[in-house]
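Observations on the model geometry
Below are the chains, spelled out letter by letter.
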Amino acid sequence: MASSGQGLESGGDGHGAGRIAETTHSLALQILAAVPVLRLDLPADWCQEATEESARDQAAVVRAVQDVWQYYPAAAAYRSRLLKRIEGTLAEPDEGWYNLLSDGESTKPAEPGFQFRTFRHCPAPSKDRAAAGTSITLHECTALTQQGTTGLRTWDAAVMLANHLCDTLCSSPARTCPTGPSSILELGAGTGVVGLLLAGTLNKQWHPKDAQPCVVLTDYHEAVLANLTRNADLNWTLQPEPRPTCASIDWRNPMPAHLARPEGYDWVVAADVVFDPQLLPDLLDTILAALGSKSRAFIATTVRNPDTFATWCNLLESHPDLVVCTHDLRALRAGHVDLQSDHQFDVFLHELTRASP
Ligand SMILES: C[S@@+](CC[C@H](N)C(=O)[O-])C[C@H]1O[C@@H](n2cnc3c(N)ncnc32)[C@H](O)[C@@H]1O
């Protein structure tokens, strides 16, 4: 997908080039977000007159669509409706356009046992649910476990946590609120829904005059890290900087020096990481290594095994340096449609801060 950034950048060769770059960029993001074809925001006149300029614009549109489809093979019906709609806005479809139409089958499909899923956070007062908010599309496996890991699919607690924290960001924009996060560390990120949705929401609020928000998504399993990086690339090749980074953190080892921050991360987030009682002390040590005096940690847990959950709660509550606040995440998210598969289990959110000395 390396070419898409170049293809979508405004080249600085005139007002028209900047406009078409902006439009194709927006088109690419809308396709990734699976915005319904009828609601796509396309200018009616972008390639209307058959001039040299419009031929160049059309090539940019074709390139944008190809770039997205190279990594994200949208459903066939969506693709053909989308192409028809775009074709209706072109003055004179050229060879590049017809190649795109016949190119339908050459995109890289999801690997066997994998699918693409789009997640969207809509701020509460939004009227236009399809267009507003932040969307990301993730490559994830369809089975509960694959390659010996649970990290290749997206779990309910992560979707709930992502929505809850994006609500928090939208209700107190990081840019204007001094307590908003400028650094976020995700542990056991899996497919990356929490960190990527947060990074997308922060990007929307970020102003180039401010320090760049830093979002780091981590996991330890090789296949999970490869898929996590693929998901960050899929969503960030087409998005403006700053982009999130992916890195390896294994809770059983000390925090890698290049990821340590003396003042800690503003937010440390993790979902569905409480499953193995033996790993819990290491998980807590990793959280503490990233938790500074002004940091907050948000850990969402699906309670599949009450004993494991009780062990985790005891560990947190008996720690002398921690202040622990527990919320019922399902109740916090009541009225939102978050449900996928774990609906029979409770989901709790622990918010952790350092006790003042
Ligand atoms: C149930 S999955 C949750 C994934 C993701 N947070 C979600 O909720 O969709 C648990 C995650 O913890 C990660 N994990 C397990 N043991 C780990 C360890 N020792 N260090 C770091 N990550 C670990 C797994 O690779 C996996 O991605």
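Residues numbered from 1 in each chain as written. Predicted model: local features only at pLDDT ≥ 70, side-chain atom pairs only at ≥ 80, totals over all residues.

1. Brief notes about the confidence of the model for the chain
Residue-level pLDDT values for the chain average 81, and 81% of them are 70 or greater. Scored below 50 in pLDDT, residues 1–15 shows 26 contacts in the model against residues more than four places distant or in partner chains. (pLDDT = per-residue confidence, 0-100. Contact = placed C-beta atoms within 7 Å.)

2. Details of the pairing of strand β3 (residues 183–187)
Within β3, five of the five residues are buried, which leaves it mostly tucked inside the rest of the structure. Neither face of β3 is left uncovered, since the one carrying S183, L185 and L187 and the one carrying I184 and E186 both have all their residues buried. Bridge count for β3 against strand β4 (residues 214–219) is four bridges, and the pairing is parallel. Residue E186 lies in a different strand from β4, and its bridge partner there is L217. Read from β3 through helix α7 (residues 193–205) to β4, the crossover connection turns out right-handed. (Buried ≥ 20, exposed ≤ 12 C-beta atoms within 10 Å, placed from the backbone. Helix = DSSP H or I, 4+ residues; strand = E, 2+ residues; numbered from the N terminus. Pairing = 2+ DSSP bridges. Right-handed = clockwise from strand over helix to strand, strands pointing away.)

3. As for the site of the ligand
The full set close to the ligand counts 23 residues, and G151, A158, G188, G190 and D272 are the nearest of them. Taken together, the residues that form the shell around the ligand break down as 11 nonpolar, eight polar and four charged. (Near = placed C-beta within 6 Å. Nonpolar A, V, L, I, M, F, W, Y, C, P; charged D, E, K, R; others polar.)

4. Some points on the environment of S171
Summarising the element assignment, S171 is placed in helix α6 (residues 156–171). What makes S171 exposed here is the crowd of 11 C-beta atoms within 10 Å. Linking S171 and P123, residues 48 residues apart in sequence, is a C-alpha distance of 8.3 Å.

5. With respect to the sheet that holds strand β8 (residues 322–328)
With mixed pairing, the seven strands of this open sheet are ordered in space as β5-β4-β3-β6-β7-β9-β8. Two strands bound the open sheet, and with one partner strand each, they are β5 (245–248) and β8. Going across the sheet, the axis of each strand differs from the next one's by a mean of 20°, ignoring polarity. Most of the contacts of helix α9 (residues 280–290) go to strand β7 (residues 291–302), to which it runs at about 145°, and overall it touches β3, β6 (265–271), β7 and β9 (347–354). Along the sheet, helix α10 (residues 306–317) contacts β7, β8 and β9; its crossing angle with β8, the most-contacted strand, is approximately 145°. (Axes fitted to C-alpha atoms, helices over the stretch in contact; angles between N-to-C directions.)

6. A look at the packing of α6 against α7
Two elements in contact, α6 and α7, have axes whose closest approach is 8 Å; the angle formed by their N-to-C orientations is 15°. Between α6 and α7, the interaxial angle falls into the category roughly parallel. Along this stretch, α6 crosses α7, giving a crossing that reads as right-handed. Counting all contacts with α6, which are made through A158, V159, L161, A162, L165, C166, L169 and C170, the residues of α7 involved are V193, V194, L197, L198, T201, L202 and Q205. The residue makeup of the contact of α6 with α7, split by class, is 13 nonpolar, two polar and no charged. (Parallel < 35°, antiparallel > 145°, perpendicular 65-115°, else oblique. Left-handed = near helix turned anticlockwise from the far one by under 90°.)

7. Concerning the packing of α9 against α10
Interhelical geometry of α9 versus α10 gives an angle of 40° and a closest axis separation of 10 Å. Judged by the angle between their axes, α9 and α10 are oblique. As α9 packs across α10, the resulting crossing turns out to be right-handed. Taken together, the residues of α10 that come into contact with α9 (itself represented by L280, P281 and L284) are T311, W312 and L315. Partitioned by chemical class, the residues of the contact of α9 with α10 number five nonpolar, one polar and no charged.

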